[in-house]
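This is what each chain is made of:
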Amino acid sequence: MTTTAPSAPPPSMRLRELVFGAACAAAVRAAARLGVADALGEAPTTVEDLAAAVKTEPKPLRRLLRALSCYGVFTERPDGTIAHTDMSRLLREDDPHSLRYISLWCTEPWTWDAWPKLDEAVRTGRNVVQDLYGKEFFTYLNEDAPESADVFNRAMTTSSEQSARDVAALLDLSGAASVADIGGGQGHVVASLLDKYPSMHGSLLDLPRVVENAVPRLRPGGDLAGRARIVPGDARVSVPVKADVYVIKNILEWDDESTAQLLRNVIEAGGPGARVVVIENLVDDTPSMRFSTAMDLLLLLNVGGAKHTTDSMTGRLTAAGLSIDGIAPVNPYLHAFDCHVPG
Ligand SMILES: C[S@@+](CC[C@H](N)C(=O)[O-])C[C@H]1O[C@@H](n2cnc3c(N)ncnc32)[C@H](O)[C@@H]1O
């Protein structure tokens, strides 16, 4: 029997499906961990051959794949063989748009500890990680969950590489001589912008242990090193970088005081006329609201943070003293708030 994604089930079934969301997430995670998508080539394959390749029992593997194919992840053909779909290909590690590490990150063991406490987080407005593990989320991750920390770094790298291309494609920085990415992670956005503008100089500011792993192209010996400056530091303490354009991407998701302090530091560093581009996932006015709102809840659980609405972002930027010149989609899940420091 062929399984296909069902269309528009009645509300009573839809709610039943929703409360089994954990089964769906766990199935995607299991397939990613087993490497099923990597083992399946372009030709349809029997479950027995796939099971041998990924070292599982064939019968439970067929059950896993049948569950996933209901959601359009893999497909079971009339002859019982398994083939890829557009979504299952994204679980391959070598796919140029791979979501393998994002899928693992969103389903890491700590998430299964935290989700049942969502009612508590909603009641208190605070993260649940402190109570669960006795320490702040990133401290827990780096000290107690090194495998999850590794998955996080790989997931961030994948998503940064992919969105950096979109950011560079959107931003017109003609006329600017320098750009600084504040909390720029490993520097994918800086590298993409230096590629686009061959005479531009770029700075990457992030926490010391993060910039230690900046992309090799920006580091001494890299092809962009002559135009790149790596600045280890805490942007809430100071932004010791003068640039024509500041990019702040997926940073302003923490508490309001940190957001206000970072914006103050950027405004002080850039001075009147500096351009400030804030890039965020929004929880409104976006075609990816199911994803963004889920990330918003996960941020509440782990760091007590939040994704913004257009209004809440606009409010924070103007309260900090920035003038907003425009808001534009970068891709289906990111928006850019293009601002300047008034003269
Ligand atoms: C969600 S990641 C976004 C990274 C990058 N901007 C991107 O979009 O791919 C958040 C980044 O903020 C950095 N960060 C957190 N606190 C920071 C601080 N106080 N000063 C500078 N960077 C910070 C983290 O190290 C991390 O690289």
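Calculation rules
- Residues numbered from 1 in each chain as written.
- Predicted model: local features only at pLDDT ≥ 70, side-chain atom pairs only at ≥ 80, totals over all residues.
- Heavy atoms only, no water.
- Helix = DSSP H or I, 4+ residues; strand = E, 2+ residues; numbered from the N terminus.
- Buried < 20%, exposed > 50% of the residue type's maximum accessible area, 1.4 Å probe, protein only.
- Contact = heavy atoms within 4.5 Å.
- Near = heavy atom within 4 Å.
- Polar contact = N/O pair within 3.5 Å; in protein donor to acceptor, adjacent residues only side chain to side chain.
- Areas by Shrake-Rupley, 256 points an atom, 1.4 Å probe, with all protein chains shown as cover.
- Pairing = 2+ DSSP bridges.
- Axes fitted to C-alpha atoms, helices over the stretch in contact; angles between N-to-C directions.
- Salt bridge = Lys/Arg side-chain N within 4 Å of Asp/Glu carboxyl O.
- UniProt positions renumbered as here; feature names shortened; annotations may be inferred.
- Phe/Tyr/Trp six-rings, centres within 6.5 Å; stacked < 30°, edge-to-face > 60°.
- Lys NZ or Arg CZ within 6 Å of the ring centre and 35° of its normal.
- Parallel < 35°, antiparallel > 145°, perpendicular 65-115°, else oblique.
- Left-handed = near helix turned anticlockwise from the far one by under 90°.
- Nonpolar A, V, L, I, M, F, W, Y, C, P; charged D, E, K, R; others polar.

Section: the side chain of Thr158
Tracing the chain through its elements places Thr158 in helix α12 (residues 146–170). Residue class for Thr158 comes out buried when judged on its relative accessible area of 13%. Those residues in contact with Thr158 that lie beyond four places of it in its chain are Ser98 and Tyr101.

Focus: the site of the ligand
Neighbouring residues of the ligand: 16 residues in total, closest Ser160, Gly183, Asp206, Asp234 and Lys249. Here an oxygen atom of the ligand sits 2.5 Å away from a polar atom, N or O, in the side chain of Ser160. Ala235 is positioned with one of its backbone polar atoms (N or O) 2.9 Å from a nitrogen atom of the ligand. Protein contacts shield 82% of the accessible area of the ligand, which totals 580 Å² for the unbound molecule.

With respect to the sheet that holds strand β8 (residues 323–331)
The seven strands lie next to each other as β5-β4-β3-β6-β7-β9-β8, forming an open sheet whose pairing is mixed. Two strands in the sheet have a free side with no partner beyond their single neighbour: β5 (228–232) and β8. Neighbour-to-neighbour, the strand axes of the sheet open up by a mean angle of 20 degrees, direction not taken into account. Both strand β3 (residues 178–182) and strand β4 (residues 201–206) contribute to a ladder of five bridges, which runs parallel. Note that in β4 the partner of Ile182 across the bridge is Leu205. The sheet contacts of helix α15 (residues 256–270) involve β3, β6 (245–249) and β7 (275–280), and relative to β6 the element is tilted by about 165 degrees.

A closer look at unusual backbone geometry
The phi dihedral of Lys55 is positive, around 60 degrees, even though this residue is not glycine. By the element assignment, Lys55 lies in the loop between α4 (47–54) and α5 (58–69). Overall, Lys55 belongs to the exposed group, its relative accessible area being 75%.

Topic: the pattern of salt bridges
Note that side chains of opposite charge can pair when their charged atoms are close. For the structure shown, the criterion picks out 20 salt bridges. The partner of Asp195 in a salt bridge is Arg217, and the shortest N-O contact between them spans 2.9 Å. Here Arg217 lies in the loop between α14 (208–211) and β5 and Asp195 lies in helix α13 (residues 188–196), a separation of 22 residues in the sequence. Note on Asp195: relative accessible area 41%, which makes it partly exposed. Here Asp338 makes a salt bridge to Arg275, at a shortest N to O gap of 2.9 Å. Of this pair, Asp338 sits in strand β9 (residues 334–340) while Arg275 sits in strand β7, and the two are 63 residues apart along the sequence. Judged by its relative accessible area of 22%, Arg275 falls in the partly exposed class.

Re the UniProt feature "domain: O-methyltransferase dimerisation" (unreviewed entry) in the chain
The positions UniProt marks with the feature "domain: O-methyltransferase dimerisation" (unreviewed entry) are residues 17–91. Counted over residues 17–91, helix gives 60% and strand 5%. Its end C-alpha atoms are 22 Å apart.

Describing the packing of aromatic side chains
Under the defined criterion, the tally for this structure stands at eight aromatic pairs. Taking 4.7 Å as the distance between ring centres and 50 degrees as the angle between the ring planes, the aromatic pair formed by Trp105 and Phe152 counts as tilted. Taken together, the positions of Trp105 in helix α7 (residues 100–105) and Phe152 in helix α12 put the pair 47 residues apart, joining distant regions of the chain. Judged by centre distance (5.1 Å) and plane angle (70 degrees), the rings of Phe137 and Phe138 are edge-to-face. Owing to a relative accessible area of 2%, Phe137 belongs among the buried residues under this scheme. Among the residues examined, Phe138 registers a relative accessible area of 32% and is labelled partly exposed. Cluster of aromatic residues (ring-pair linked, three or more members): Trp105, Trp110, Phe137, Phe138 and Phe152. Taking NZ or CZ as reference, Arg100 lies 5.2 Å from the ring centre of Tyr101, over its face. For the cation-ring pair, Arg236 lies above Trp254, with the distance from its terminal atom to the ring centre recorded as 4.7 Å.

Side note on the environment of Ala320
With respect to the element layout, Ala320 can be found in helix α17 (residues 310–320). Take Ala320: its relative accessible area is 23%, and that puts it in the partly exposed class. The sequence separation of Ala320 and Asp38 amounts to 282 residues, and the corresponding C-alpha distance is 47 Å. Ala320 has contacts with Leu263 and Ile267, leaving out every residue within four places of it along the chain.

Some remarks on the packing of α15 against α17
Interhelical geometry of α15 versus α17 gives an angle of 45 degrees and a closest axis separation of 9 Å. In terms of their interaxial angle, α15 and α17 are classed as oblique. Remark: the crossing between α15 and α17 carries right-handed chirality. Facing α15, whose interface residues are Asp256, Thr259, Leu263 and Ile267, α17 presents Arg316, Leu317 and Ala320. The residue inventory of the contact of α15 with α17, partitioned by class, reads four nonpolar, one polar and two charged.

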